[in-house]
Amino acid sequence: MFTDLRVHSLLSDGVDSPARLREEAARLGIALGLCDGVVHEGMISGVEVRAESRRELLRALRGVSRKFDYVVVHGGDAKINRAASRDSRVDILAHPYRGRRDSGVDAVIARQAAESGVAIEVDLGSIISARGFARVRQLQKVHRILTLSRKYGFRIVATSGAKSRYELRSEREAEAILVSAGFTPEEARRALEEVPLRLLERRRLAKQEISRGVRLVED
Amino acid sequence: MKIKALPPALRMRKRYIAFCVESDRAFSREEVARAIFSSALSMFGEAGVAEMSLTLLDFDEGEQEGFVVCSHRSVAQAIAALSLVSEISGERVHLRSLGTSGTVRALRRKFLNRRRHFINAEGTAKFMGKEFVVVRERGECCDALPRDDELAERLKLRKVRFIGLTKRDLRGEEDAADT
């Protein structure tokens, strides 16, 4: 099942209540993570961290990974991309290409992300809403990220980045868009199904750690 | 016996894809057809669309659902073309593909004419300390207009008319815990 990890409800800057988004997701046959920065009872809840500088980012990351099911960093700025991709408290570096001419992922970031397990996000919403030259540029950036991922082995996660119920996509639709953007069907399915689940699982285990690398195991 | 125009092996192998329009208002067949074509053309180009042989065959303006036909090799591209339509006449839409089939008969039987519609509704409601005027509903879901300028701005930005709520939200059984 496609787990869409970057969806916003009314509680951040969306236009739908969490319960409504859950209804709509059920109709589409997908699972949702709401990254409002609010803990929703009974739903996968994440946080999207926005920071202007590296210092601000590090300060903002303190403590959030214990509170939420996953942590997203709002990417785009070169320094933020670098700092986020090496920090294992981060699960997703969202749209590292936002507001940039290049993909925002260079060899350093690619290597760091592969090592730290941070997934680089490909945001379907930015492909869907753009047209003409803007979409061409968007697709080029996605191509770059895909090429680097094949070489360095970091994970790619696909999300809708939805801020309204109409921006959600089913798994078949999301897969069709990714394949049109150059993914193989296997890569598309991994970015939609396997990677989100892995990220959530990893965060769940990390929460049980009492200190770095030491985890309490119940018997 | 009818004479076969083409030997079976050379006939085009077609796939029919059913879809429905999810939006705040109903659209005409014209509008939908133009949106699908311009989307396919923008993403795959003239040669691409020719190879796909994408055509809108039917669109029911009452049900707001219909189907396109394409060659059996380009089903994924056709679904992408439908899915990449983000707005029609300035309103946010989702052309949701419902399913694929090799015959129109099976398509109708399996996917079409089974949708529940929004019906007009009335009333005011409160959610998250804000007031709303309920406009329409479908099962548990209801769409509402906000009485709040900040939310109205946000709707305009998203090109959506209504705030999406559920009946449970209105009864106040929120499942959002803390803010």
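Above this text you will find the structure in question.
In what follows, the accompanying structure is described. Residues take numbers from 1 onward in each chain, read along the sequence in its written order. The lettering of chains begins at A and the numbering of ligands begins at 1, in the order of writing. With the structure being a predicted model, the display of local features is reserved for residues of pLDDT at least 70 and the display and counting of side-chain atom pairs for 80 or more, all residues being used for whole-chain, interface and lining totals. Excluded from the side-chain calculation are hydrogens and water; included are all heavy atoms of the structure.

**Things to note about the nonpolar core**
Item 1. In terms of nonpolar packing, the biggest core is built from 81 residues, with A:Leu57, A:Val73, A:Phe154, A:Phe183, B:Phe19, B:Ile36 and B:Leu54 touching the most fellow members.
Item 2. Every helix listed is a DSSP run of H or I at least four residues long, and every strand listed is a run of E at least two residues long, numbered separately from the N terminus. Ranked by the residues each element gives to this core, the list is headed by helix α1 (residues 29-52) of chain B, at 8 residues.
Item 3. Of all hydrophobic cores here, the second largest spans 15 residues; its members include A:Val15, A:Tyr166, B:Ala144 and B:Leu151. Nonpolar core, defined: a set of buried Ala, Val, Leu, Ile, Met, Phe, Trp, Tyr and Cys residues in which side-chain atoms within 4.5 Å join the residues together. For every residue, the accessible area obtained with a 1.4 Å probe (protein chains only) is divided by the maximum for its type, and the residue is called buried under 20%, exposed over 50%, and partly exposed between those limits.

**Overview of the packing of helix α8 (residues 171-180) of chain A against helix α9 (residues 185-207) of chain A**
Residues and elements named next belong to chain A.
Item 1. Note on geometry: axes are lines fitted to C-alpha atoms, helical ones only across the stretch in contact, with angles between N-to-C directions running from 0 to 180 degrees. The interhelical angle for the contact between α8 and α9, taken along N-to-C directions, is 130°, at an axis separation of 9 Å. Classed by the angle they form, the pair α8 and α9 counts as oblique. Note that α8 runs across α9; the crossing there is right-handed. For the pair formed by α8 and α9, the contact residues are Glu171, Ala174, Glu175, Leu178 and Val179 on the first element and Pro185, Ala188, Arg189, Leu192 and Glu193 on the second.
Item 2. Residues are grouped as follows: Ala, Val, Leu, Ile, Met, Phe, Trp, Tyr, Cys and Pro are nonpolar; Asp, Glu, Lys and Arg are charged; every other residue, Gly included, is polar. Here the residues of the contact of α8 with α9 sort into 6 nonpolar, no polar and 4 charged. For classification purposes, an angle smaller than 35 degrees is called roughly parallel, one larger than 145 roughly antiparallel, one from 65 to 115 roughly perpendicular, and anything else oblique. Note on convention: near helix rotated counterclockwise from far helix by under a right angle means a left-handed crossing. Clockwise means right-handed. By definition in these notes, contact holds between two residues if any of their heavy atoms fall within 4.5 Å.

**Some thoughts on the interface of chain B and chain A**
Item 1. Contact with chain B, which involves 51 residues of that partner, is made by 39 residues of chain A.
Item 2. Take the accessible area each of two parts loses on contact, using a 1.4 Å probe, and add the two losses: that sum is the buried area. Of the roughly 3600 Å² buried between chain B and chain A, counting both surfaces, carbon and sulfur atoms make up 53%.
Item 3. Salt bridges are defined by distance alone: a side-chain nitrogen of Lys or Arg within 4 Å of a carboxyl oxygen of Asp or Glu. At the junction of chain B and chain A, the tally comes to 6 salt bridges.
Item 4. Measuring nitrogen to oxygen at the nearest pair gives 2.8 Å for the salt bridge that ties A:Arg20 to B:Asp143.
Item 5. Counting of polar contacts relies on pairs of N or O atoms within 3.5 Å, with two restrictions inside protein: one atom must be capable of donating a hydrogen and the other of accepting it, and residues adjacent in sequence are counted only when both atoms are side-chain atoms. Counting across the chain B and chain A interface gives 21 residue pairs in polar contact (both at pLDDT 80 or more).
Item 6. Listed by contribution, the elements that provide at least two residues to the side of chain B that touches chain A are α1, α2 (75-83), β6 (94-101), β9 (130-138), β10 (141-146), α4 (149-158), β11 (163-166) and α5 (167-170) of chain B.
Item 7. For the side of chain B that touches chain A, a count of residues per class yields 23 nonpolar, 13 polar and 15 charged.

**Digging into the environment of B:Ala125**
Residues and elements named next belong to chain B.
Item 1. Residue placement: Ala125 occurs in strand β8 (residues 124-127).
Item 2. Counting along the chain gives 106 residues from Ala125 to Phe19, while the straight-line C-alpha distance between them is 32 Å.
Item 3. Leave out the neighbours within four places in its chain, and Ala125 touches Lys130, Glu131, Phe132, Val134 and Leu170.

**Here we look at a nonpolar patch on the surface**
Residue and element names in this part refer to chain A.
Item 1. Patch definition: residues with relative accessible area over 30% and no salt bridge; like charges joined within 9 Å; nonpolar side chains (Val, Leu, Ile, Met, Phe, Trp, Tyr) joined within 5 Å. Per-residue and other accessible areas follow the Shrake-Rupley method at a 1.4 Å probe size, with only the shown protein chains counted as cover for residues. A cluster of nonpolar side chains, Ile210, Val214 and Leu216, forms an exposed patch at the surface whose accessible area comes to about 290 Å².
Item 2. With respect to the element layout, Leu216 can be found in the segment after β9 (214-215).
Item 3. The class for Leu216 is exposed, based on a relative accessible area of 57%.

**Here's the deal with the sheet that holds strand β4 (residues 70-74) of chain A**
Residue and element names in this part refer to chain A.
Item 1. Pairing between strands is defined by DSSP: at least two bridges between them are needed. Spatial strand order, β1-β2-β3-β4-β5-β6-β7: 7 strands in an open sheet with parallel pairing. Strands with a single pairing partner mark the edges of an open sheet, and in this sheet they are β1 (3-7) and β7 (156-159). Across the sheet, the mean angle from the axis of one strand to that of its neighbour is 35°, orientation sign disregarded.
Item 2. Where β4 and strand β5 (residues 92-94) come together, 3 bridges link them in parallel fashion. Residue pairing in the sheet places His74 in a bridge with Ala94 of β5.
Item 3. Across the face of the sheet, α9 comes into contact with β1, β3 (44-49), β4, β5, β6 (119-123) and β7 while running at roughly 105° to β7.

Shape descriptors only; they carry no functional weight alone.
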